[in-house]
Amino acid sequence: ARQAAKIEALDTVGDLAVGQMEKAAEGGNSVAAEFINTPIEAREISEGIYQATGVANAQLVTTSAGHILFDAGLPTQAAKQYKALEQKVDNLNLSHIIISHSHADHSGGVKLWQRDGV
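Predicted model only: the values in this text are computed from it and were never measured.

(A) Spotlight on the nonpolar core. Among the nonpolar cores identified, the biggest contains 18 residues, and Leu60, Leu69, Tyr82, Leu85, Leu92, Leu112 and Trp113 are the most heavily contacted of them. If you list the elements that add at least two residues to this core, you get β2 (49-52), β3 (58-61), α3 (78-88) and α5 (110-113). Looking at this core, the element that brings in the most residues is α3, giving five residues. Setting aside chain neighbours within four positions, we find Leu69 in contact with Ala58, Gln59, Leu60, Leu94, His96, Ile97, Ile98 and Trp113.

Take a look at the structure:
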């Protein structure tokens, strides 16, 4: 229940952030406002490998020992990416999170995904 509340709260905050970017871009030609609206959806890109799209993608590799998340996306989109992957993959229990580098579009969603022991 606590994780579900956390996801819903982050989803709401993400929507507010996107709304503020769109509002700031009104009347102007903002590439950032268009970019932040990249659709978020999950798809299986290879057997057992899923991708949640967005400004930054998050990849999930399913294994018998637990799922591995490669890059965690932006904090403003992580909740939507989580929900999209949750519809494609049963039991999103992670064993590991691997971050390719420290930029926010790769590491920003870690707090949403991280659990004890991950």
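Continuing now.
(B) Representation of the pattern of salt bridges. A complete count under the given rule lists three salt bridges for this structure. Of the charged contacts, one joins Lys83 and Glu8 as a salt bridge, the two residues approaching to 2.8 Å between their closest N and O atoms. You can see Lys83 sitting in helix α3 and its partner Glu8 sitting in helix α1 (residues 2-25), a full 75 residues away along the chain. Of the residues examined, Lys83 reaches a relative accessible area of 22% and is grouped as partly exposed. Look at Glu8 and you get partly exposed, because its relative accessible area is 42%.

Each value, and the rule that gives it
- Residues numbered from 1 in each chain as written.
- Predicted model: local features only at pLDDT ≥ 70, side-chain atom pairs only at ≥ 80, totals over all residues.
- Heavy atoms only, no water.
- Core = buried A, V, L, I, M, F, W, Y, C linked by side-chain atoms within 4.5 Å.
- Buried < 20%, exposed > 50% of the residue type's maximum accessible area, 1.4 Å probe, protein only.
- Helix = DSSP H or I, 4+ residues; strand = E, 2+ residues; numbered from the N terminus.
- Contact = heavy atoms within 4.5 Å.
- Salt bridge = Lys/Arg side-chain N within 4 Å of Asp/Glu carboxyl O.

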